[in-house]
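Chain by chain, the residues:
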Amino acid sequence: MAADDTLAKVSDFGFETRAIHAGQEPDPRTGAVVPAIYATSTYKQDGVGGLREGYEYSRSANPTRTALEECIASLELGVRGFAFASGLAAEDTLLRALTKPGDHVIIPDDAYGGTYRLFDKVESRWGLAYDPVPISDVDAVRAAIGPQTRIVWVETPTNPLLGIADIAALAEVAHAAGALLVVDNTFASPYLQQPIAHGADVVVHSTTKYAGGHSDVVGGALVAREEAVAEQIAFHQNSMGAVAGPFDSWLVLRGLKTLALRMERHSDNAEQVVEFLQSRPEVSHVIYPGLAEHPGHAVAVRQMKRFGGMVSFRMAAGEQAALDVVEHTELFTLAESLGGVESLIEHPGRMTHASAAGSPLEVPADLVRVSVGIETGADLVADLAHAFERLAR
Ligand SMILES: *Cc1c(COP(=O)(O)O)cnc(C)c1O
């Protein structure tokens, strides 16, 4: 969308409009409405150093990736976006860009298992110290900050316990100590929550999840609030090279177009599933930030538009019952990952969070996590009801 005198700039449009148009003008040569998949490694130069629109080599920049990077930066209200081969590649690049040996990072005590493993088994070998802290407790975070603390790393909602962290309060605490606030916004997506608006410095995404939204691509993204941080990320993205390829970028870009619609439906269906689970005697706890009894509910209401598609629950009868439920559903597919159009179910203790066993991040054995998809809500409830009936027999 050309920014001329008669049209508002794309940045002035609403979220849904930006999801479809930011970074995605029709191709000037052909008029193609959808950005092409630029499957090219290199670009013809008009004379030595004569680059066309800055493209010289596709690790450094590729037009399909640029389109995605501009779109996600717009959706997350940042100055620049960066697309990576996976969420963990984005995280690793960010840590190289912002930290050095001897620095310290605070991470959530129920961080995504892969993020925990990255800190515990990889980054720590290179001299980066970390402490898992219950980040829903602002005082605990303040107390854990030391002179070497460079980053307060936040997930909200957390995975799989759906804890809520107060982004604005943590931004204040981090900034007062000279640290940066990084928010992994994978679970909420920018439609439900925009951390930069609450003071975050960098937003992290596994675009594998809600951003892509169709369980057909693995990818990651970073969005920076300020140019100085963006420059560090840009340098490291190019120097380390874990970039998103053009086809993967295109899939995520296509996913983003329907993000708003999908998140509304994920939230509608999750509410139906929560209501059902609350009615079941087999379930001891239903964990969802939209419930008034959730300890983070008030904060979630303040910083989220709705409460998303992730629901966790605990089985009163313990681990075996949890394992049986995840094996007895039919529409809910037993699988890791989340955020796709189809509903998934899993046992975090034995699956996504198995690597956290015996660590401070170990999750309860009776826990079940569902990623509620956008199928017909009543069908999802019926599938869970059927699984519970099989349990009773
Ligand atoms: C999946 C996930 C990641 C890691 O992303 P990959 O794309 O699998 O590398 C990081 N954070 C959260 C919250 C996730 O769910």
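Residues numbered from 1 in each chain as written. Predicted model: local features only at pLDDT ≥ 70, side-chain atom pairs only at ≥ 80, totals over all residues. Heavy atoms only, no water.

1. As for the environment of Asp-120
Considering the arrangement of structural elements, one finds Asp-120 in helix α4 (residues 113–122). Using a relative accessible area of 23% as the deciding quantity, one classes Asp-120 as partly exposed. Separated by 156 residues in the primary sequence, Asp-120 and Phe-276 have C-alpha atoms spaced 38 Å apart. (Helix = DSSP H or I, 4+ residues; strand = E, 2+ residues; numbered from the N terminus. Buried < 20%, exposed > 50% of the residue type's maximum accessible area, 1.4 Å probe, protein only.)

2. Considerations on the pattern of salt bridges
Enumeration over the complete set of coordinates arrives at 18 salt bridges. We note a salt bridge from Arg-306 to Glu-271, for which the minimum N-O separation is 3.1 Å. Within this pair, whereas Arg-306 is found in the loop between α11 (297–303) and β9 (310–315), its partner Glu-271 is found in helix α10 (residues 259–278), the two being separated by 35 residues in sequence. For Arg-306, a relative accessible area of 15% gives the class buried. The exposure class assigned to Glu-271 is partly exposed, which follows from its relative accessible area of 37%. Residues joined in a network through salt bridges with shared partners are Glu-264, Asp-268, Glu-271 and Arg-306. (Salt bridge = Lys/Arg side-chain N within 4 Å of Asp/Glu carboxyl O.)

3. Quick look at the site of the ligand
Taken together, 14 residues sit near the ligand, with Gly-87, Asp-184, Ser-206, Thr-208 and Lys-209 positioned nearest. At 2.7 Å, a side-chain N or O of Thr-208 approaches an oxygen atom of the ligand. Lys-209 has a polar side-chain atom sitting 2.7 Å from an oxygen atom of the ligand. Contact with the protein chains covers 92% of the free accessible surface of the ligand, which is 380 Å². It is helix α3 (residues 87–98) that provides the largest number of residues to the shell around the ligand, a total of 3 residues. (Near = heavy atom within 4 Å. Polar contact = N/O pair within 3.5 Å; in protein donor to acceptor, adjacent residues only side chain to side chain. Areas by Shrake-Rupley, 256 points an atom, 1.4 Å probe, with all protein chains shown as cover.)

4. Quick look at the packing of α3 against α4
Put simply, α3 and α4 touch, their axes get as near as 10 Å, and they point 35° apart. The interaxial crossing formed by α3 with α4 has right-handed handedness. Across the interface between the two elements, Leu-88, Glu-91, Asp-92 and Leu-95 from α3 touch Gly-114, Thr-115, Leu-118 and Phe-119 from α4. (Axes fitted to C-alpha atoms, helices over the stretch in contact; angles between N-to-C directions. Left-handed = near helix turned anticlockwise from the far one by under 90°. Contact = heavy atoms within 4.5 Å.)

5. Describing the sheet that holds strand β7 (residues 220–224)
Whenever strands of a sheet pair, they do so through backbone hydrogen bonds, lying parallel or antiparallel. With mixed pairing, 7 strands are arranged side by side in an open sheet as β1-β7-β6-β5-β4-β2-β3. The open sheet has two edge strands, β1 (80–84) and β3 (129–133), and neither has a second partner. For this sheet the average axis-to-axis angle between neighbouring strands, irrespective of direction, equals 20°. Both strand β2 (residues 104–108) and β3 contribute to a ladder of 5 bridges, which runs parallel. Looking at β3, one finds that Val-105 is bridged to Tyr-130. (Pairing = 2+ DSSP bridges.)

Keep in mind these numbers describe shape, not what the thing actually does.
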